[in-house]
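# Survey of secondary and tertiary structure
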Amino acid sequence: MEPSLYKGNAIFQNQPSYKVFNKSFENADDSFYTYLNEVNPEVLRHELEGPSTVFTSYSNHTAPQDPRTQQPASESTRDHSSPLLHYKFPNVREKHSALNRKQQAACVRVLLAWQRNERVSEEDFVIWRVTEKKRCTEYQMFQKDVHDYETSQREQLYAPLKRIIQAYKVWHERRMKQLLKDVPNECYVTYSGLPQLGQCKSLNPQTASVEDVQLLRIVGQVRQCPELQLKREELMTLNVRLSRYAGIETIYPATPMLPEPEECNIFVLPLESLLMLLSTGAYVDLPTEMLLTIKETSGSDCRCIEFHEPFPARNCGWHTSGLLLTQAYQVYKLQPGEDKWLTFDQNGRLKQGPSLPSATNLSVDLQMDYKLQQVDMESTALEPSYSNIAMISWCLSCQGDDDPAAADSREEFQIYSSVTLSAVCDVQGKQPLGCHFIKLENKPDCGCEIMSKYELLKAWLQLKLLQADVGHCSRVSLRDFEPMLEEKLTLSALEKTLHDYYNTSMPQLLSHLCEFLKLFNAIPAGEYLLRTSAKHKDKFLLCKPLQEATPQSFKLHELLTGTAPSDECFLSQSSYLPISTTLCSRLHVEQQLLPCLFPTNVQRQPVKRRNKVPAIEPRRQPLNWRITAQKEAQRQKTKRAQKLRAKAKKKQAAKSVENADKELDKFMAL
């Protein structure tokens, strides 16, 4: 007898497989499939309890992507039909302003009139003065809330910084190759420690100033533009093609030859080198190394102390992002047909004729058949961009406060500085534009941040050395590169901001620079490396090269290229820029919201006061007439006693006055 085949569990007999129908075992909406798939739940317990993975992979694999960048879209919907901003103040604690909408609108008009140098309405100014106390109280509450908001949402706020850091890595690698091409990879060891400018204080109080400023020559290509203003279309292009324009190589002209010192020492201080000395240790994303050369002239005791251009910073943050965006914007404007450019030769003479490639001389065949390509695949059509250098001669004059007229108390340092020009206003290139910054706003939904100390010092030095009255600062949102504000910078406004927020006086800071430059008179001639270290926060480390390596020495190229640029140090520190109380951006103009004030409570309805008529209550009848009579008698007795006391006080006062008159008469009779 043949053994019978196993026919499976009895509950599955005479039933089709549930895979044929592909329906849920507990689908209560369809009775037919529920009946066909009716099984004991205990048999398929694990399948019933297991989670379904149908919808869990949606966000990872099928999220909407931006076809221009091939990256997941940060926002699924965006209304591009309206030119208004889509920012909203992050009012987490739901606080509201003490000012109503009309008062805030009037105060906004006052600030806008001051920004544009226009006449202020008298009615608006009256409201401004009346609400001053309320505004000052609310300023402090607002700054505290914004500080708490940035501290708690720091990673989310600086998340758009990641793609800028990726583009900065490419630019940093190319720039380091340019700078290290002619620098030998020698071993360096610490030779001496120099105090930073904060410790370089004179025994006698003194001040310093910038005098005898003279523009010697301009070398390279300079943009001709009477006034710089970033357009929204340009910023939207940079937002998509930032890595493309930032990756184009920039060729920097050689520094012009300088005269040899004859009577006194001369210092060669490029603008970036000067800023490294003035703002060392203020922020982590600033340069920390630069080469230094001390030369002695034959036949005299004069020296030439030359500071080379600092190496780019390896820590990314506010300043590296602004630097990269400025470089990308310059490359973008170099395209044919964008702007007019002037070219100056090595002797500072203006070249005639076009120097930039025109549309007919491009390496790309414009008549070719159309072929769809990705955004960043056509970078070969852009040629290397050319920068410029303006050599400026100036004198750093330092004199004591005790006797400014004394000749012995006056010291002068002859300095040559190289500055990169943003643009020139005239055809001959004789009127350079003061400065132009692109500042990224990290909290665009809260307002415009104040400029960092480094940015303020750089703007002040550029305006001072170029002898310009006004500079420009284009404020752009970090999130989507939306233009927020075109700010005009003046020397007085910069000095006031430095004094109010950073407790820095420029005459005093320049006097510290004078004391620091005196230290190089005692240093032997040769090649050096000036650097800062986290271990020695209050000192400069002066390093000299060695012939052979030692346990304490280090290789220059390994020091500069050993670590890739990152933002870890920047995100780990607690740096914070408060919101400016005087700058009205697009956010404030569109929403009629005063800077550093909470939004008004729109849902609150004004309460109408009515003159209520007091209701006449019926007079209650006393419960006991004897108790009422006693209370009335006591009240009358107390009232008579009060009248008697008042009468006695009047008599006493009249008597004292009469006695005083008598005493006065006796005195006058004598």
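- As recorded in an unreviewed UniProt entry, the chain goes by Little elongation complex subunit 2 and comes from Drosophila madeirensis.

### Observations regarding the overall build of the chain
- Along the backbone of the chain there are 20 helices and 18 strands.
- The buried share among the 670 residues of the chain stands at 39%.
- Taking as baseline every contact in the chain between residues at least 6 positions apart, the subset at least 24 positions apart corresponds to 79%.
- Carbon and sulfur atoms make up 51% of the accessible area of the chain, which totals about 41,600 Å².

### Considering the state of the cysteines
- All told, the structure shown has zero disulfides when counted by the stated rule.
- The thiol sulfur of cysteine 473 is not disulfide-bonded, and the nearest other cysteine sulfur, from cysteine 435, lies at 8.1 Å.

### Points about the packing of aromatic side chains
- Enumeration over the complete set of coordinates arrives at 15 aromatic pairs.
- Taking the centre distance of 5.7 Å and the plane angle of 65° together, the rings of phenylalanine 142 and phenylalanine 598 count as edge-to-face. Of the two residues, phenylalanine 142 is situated in helix α7 (residues 132-152) and phenylalanine 598 in the loop between α19 (586-591) and α20 (625-669); the sequence distance between them amounts to 456 residues.
- In this structure phenylalanine 598 comes out as buried when scored by relative accessible area, which is 1%.
- Between the aromatic rings of phenylalanine 516 and phenylalanine 540, the centroid separation amounts to 5.5 Å while the plane-to-plane angle is 50°, which identifies the pairing as tilted. In this pair, phenylalanine 516 sits in helix α16 (residues 506-518) while phenylalanine 540 sits in strand β17 (residues 539-546), placing the two residues 24 residues apart along the sequence.
- The class of phenylalanine 516 is buried, set by a relative accessible area of 0%.
- A network of ring pairs unites the aromatic residues Tyr158, Tyr283, Trp318 and Phe570 as a single cluster.
- Here the basic side chain of arginine 163 rests over the ring of phenylalanine 481, its NZ or CZ set 5.0 Å away from the ring centre.
- In this arrangement the basic side chain of arginine 175 is found over the ring face of tyrosine 252, its NZ or CZ atom lying 4.0 Å from the centre.

### Here's the deal with the environment of glutamine 143
- Topologically, glutamine 143 is positioned in helix α7.
- For glutamine 143, a relative accessible area of 18% puts it in the buried group.
- Separated by 303 residues in sequence, glutamine 143 and cysteine 446 place their C-alpha atoms 9.8 Å apart.
- Apart from residues no more than four positions distant in its own chain, glutamine 143 is found in contact with Tyr576, Pro578, Ile579, Thr581 and Cys596.

### A closer look at α16
- For α16, which comprises 13 residues, the first-to-last C-alpha distance of 19 Å matches the rise-based estimate of 18 Å (1.5 Å per residue) to within 8%.
- For α16, the buried fraction is high: ten of the 13 residues fall into the buried class.
- Three or more residues of α16 are buried, namely Met506, Leu509, Leu510, Ser511, His512, Leu513, Cys514, Glu515, Phe516 and Leu517.

### Describing the pattern of salt bridges
- Taken as a whole and judged by the stated rule, the model has 27 salt bridges.
- Ionic pairing is found between glutamate 173 and lysine 177, a salt bridge with its closest N-O pair at 3.8 Å. Of this pair, glutamate 173 and lysine 177 both sit in helix α9 (residues 161-180), separated by four residues, roughly a single helical turn.
- Notably, a salt bridge pairs arginine 314 with glutamate 289, separated by 3.0 Å at the nearest N-O pair.

### Let's talk about the sheet that holds strand β14 (residues 471-477)
- Strand order in the open sheet formed by three strands is β13-β14-β15, with mixed pairing between adjacent strands. Strand pairing shows two members of the sheet lacking a second neighbour, β13 (436-441) and β15 (483-489), which therefore form its edges. For this sheet, the mean angle separating the axes of adjacent strands, direction not counted, is 20°.
- In the sheet, β14 pairs with β15 via six bridges, with the strands oriented antiparallel. Looking at the pairing, histidine 472 lines up with lysine 488 of β15.
- The sheet strands contacting helix α14 (residues 453-465) are β13, β14 and β15, and the helix crosses β13 at an angle near 165°.

### Examining the sheet that holds strand β3 (residues 187-195)
- Across the sheet, eleven strands lie side by side as β9-β4-β11-β12-β6-β8-β7-β16-β17-β3-β18; this open sheet has mixed pairing. Taken across any chain shown, the strands that pair with only one partner, and hence form the sheet edges, are β9 (340-344) and β18 (554-555).
- Sheet analysis places β3 next to β17, joined by eight bridges and oriented antiparallel. Counted as the bridge partner of serine 192 is leucine 542 from β17.
- In the packing of helix α12 (residues 271-278) onto the sheet, contacts are made with β7 (289-296), β8 (303-307), β11 (388-400), β12 (410-419), β16 (526-531) and β17, and the angle to β7 comes to roughly 110°.
- Together, β4 (206-224), β11 and β12 form the strand contacts of α14, whose direction differs from that of β4 by roughly 80°.

### Remarks on the confidence of the model for the chain
- Here the chain averages 81 in pLDDT, and 77% of its residues register 70 or above.
- Of all the helices and strands in the chain, helix α4 (residues 58-61) carries the lowest mean pLDDT, 43, while α14 carries the highest, 94.

### What to know about the packing of α12 against α14
- α14 packs onto α12 with a crossing angle of 135° between their chain directions and a minimal axis gap of 10 Å. In terms of their interaxial angle, α12 and α14 are classed as oblique. The chirality of how α12 crosses α14 is right-handed. Two secondary-structure elements touch here, α12 through Leu271, Glu272, Leu274, Leu275 and Leu278 and α14 through Tyr454, Leu457, Lys458, Leu461 and Gln462.
- Grouping the constituent residues of the contact of α12 with α14 by class yields seven nonpolar, one polar and two charged.

Rules behind the numbers
Residues numbered from 1 in each chain as written. Predicted model: local features only at pLDDT ≥ 70, side-chain atom pairs only at ≥ 80, totals over all residues. Heavy atoms only, no water. Helix = DSSP H or I, 4+ residues; strand = E, 2+ residues; numbered from the N terminus. Buried < 20%, exposed > 50% of the residue type's maximum accessible area, 1.4 Å probe, protein only. Contact = heavy atoms within 4.5 Å. Areas by Shrake-Rupley, 256 points an atom, 1.4 Å probe, with all protein chains shown as cover. Disulfide = S-S within 2.5 Å. Phe/Tyr/Trp six-rings, centres within 6.5 Å; stacked < 30°, edge-to-face > 60°. Lys NZ or Arg CZ within 6 Å of the ring centre and 35° of its normal. Expected span 1.5 Å × (residues − 1). Salt bridge = Lys/Arg side-chain N within 4 Å of Asp/Glu carboxyl O. Pairing = 2+ DSSP bridges. Axes fitted to C-alpha atoms, helices over the stretch in contact; angles between N-to-C directions. pLDDT = per-residue confidence, 0-100. Parallel < 35°, antiparallel > 145°, perpendicular 65-115°, else oblique. Left-handed = near helix turned anticlockwise from the far one by under 90°. Nonpolar A, V, L, I, M, F, W, Y, C, P; charged D, E, K, R; others polar.

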